[in-house]
Amino acid sequence: MNWLQARSARERQVLAGAALLLAALLLYLLAWEPLAQREHELAARIAQQRTQLAWLVDAASEARTLTRRARVPEAQDGASLLSVIDRSAAQAGLGAALQRLAPEGDQGVRVWLDDASYAATLQWLDALGGHGIHVVSVQMEGHATRGRITARLLLGRAA
């Protein structure tokens, strides 16, 4: 404190002004700037999620339309459910996206698709209806690439 009192009144005013300026600068750098940056990041994230929501709403609408147009199953050719699903996926252009097939009881098959075309997947599922196979459950997630999905399906024979 003696050091400050030893300064002239003008020097003390300059030091007080510098201290206020330093305090304001620290407040900006330690509080305001991080909050502004976080707000910007959250706004970008919200915009991305809105885009994804719009895509999912479109996908749900298209899925409902396809469900309403479900075909009457054709006569079964006697092929196993696994082979029909595997063969039809390859014919639909989903062979590379088909990651795994696993039997689920006597009348079901679990299917894992990765980086599959959304449109091709819906057309494939529609075509499976012609073989008497229907979707029991489905989980789809969009990819960063528009129109591409990861899907987990449970397919079964129509009763």
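Our structure is the block above this text.
Residues numbered from 1 in each chain as written. Predicted model: local features only at pLDDT ≥ 70, side-chain atom pairs only at ≥ 80, totals over all residues. Heavy atoms only, no water.

A. Inspection of the sheet that holds strand β3 (residues 133-142) at higher detail. Ordered in space as β1-β2-β4-β3, the 4 strands form an open sheet in which the pairing is antiparallel. Both outer strands of the open sheet, β1 (98-104) and β3, are each paired with one neighbouring strand and no more. When strand polarity is set aside, the average angle formed by the axes of neighbouring strands in this sheet is 15°. Of the strand pairs in this sheet, β1 and strand β2 (residues 108-117) are connected by 6 bridges, and their pairing is antiparallel. Bridge assignment links Leu98 to a residue of β2, and that residue is Leu113. Contacts from helix α3 (residues 81-91) reach β1, β2, β3 and β4 (148-157), with the element oriented near 160° to β1. Its contacts with the sheet put helix α4 (residues 118-129) on β2, β3 and β4, and the angle it makes with β2 is roughly 155°. (Pairing = 2+ DSSP bridges. Helix = DSSP H or I, 4+ residues; strand = E, 2+ residues; numbered from the N terminus. Axes fitted to C-alpha atoms, helices over the stretch in contact; angles between N-to-C directions. Contact = heavy atoms within 4.5 Å.)

B. Broad picture of the side chain of Ser88. Within the element layout of this structure, Ser88 appears in helix α3. Residue Ser88 is classed as buried on the basis of its relative accessible area of 7%. Within the structure, Ser88 has its side chain in polar contact with the side chain of Trp124 (distance 2.8 Å). (Buried < 20%, exposed > 50% of the residue type's maximum accessible area, 1.4 Å probe, protein only. Polar contact = N/O pair within 3.5 Å; in protein donor to acceptor, adjacent residues only side chain to side chain.)

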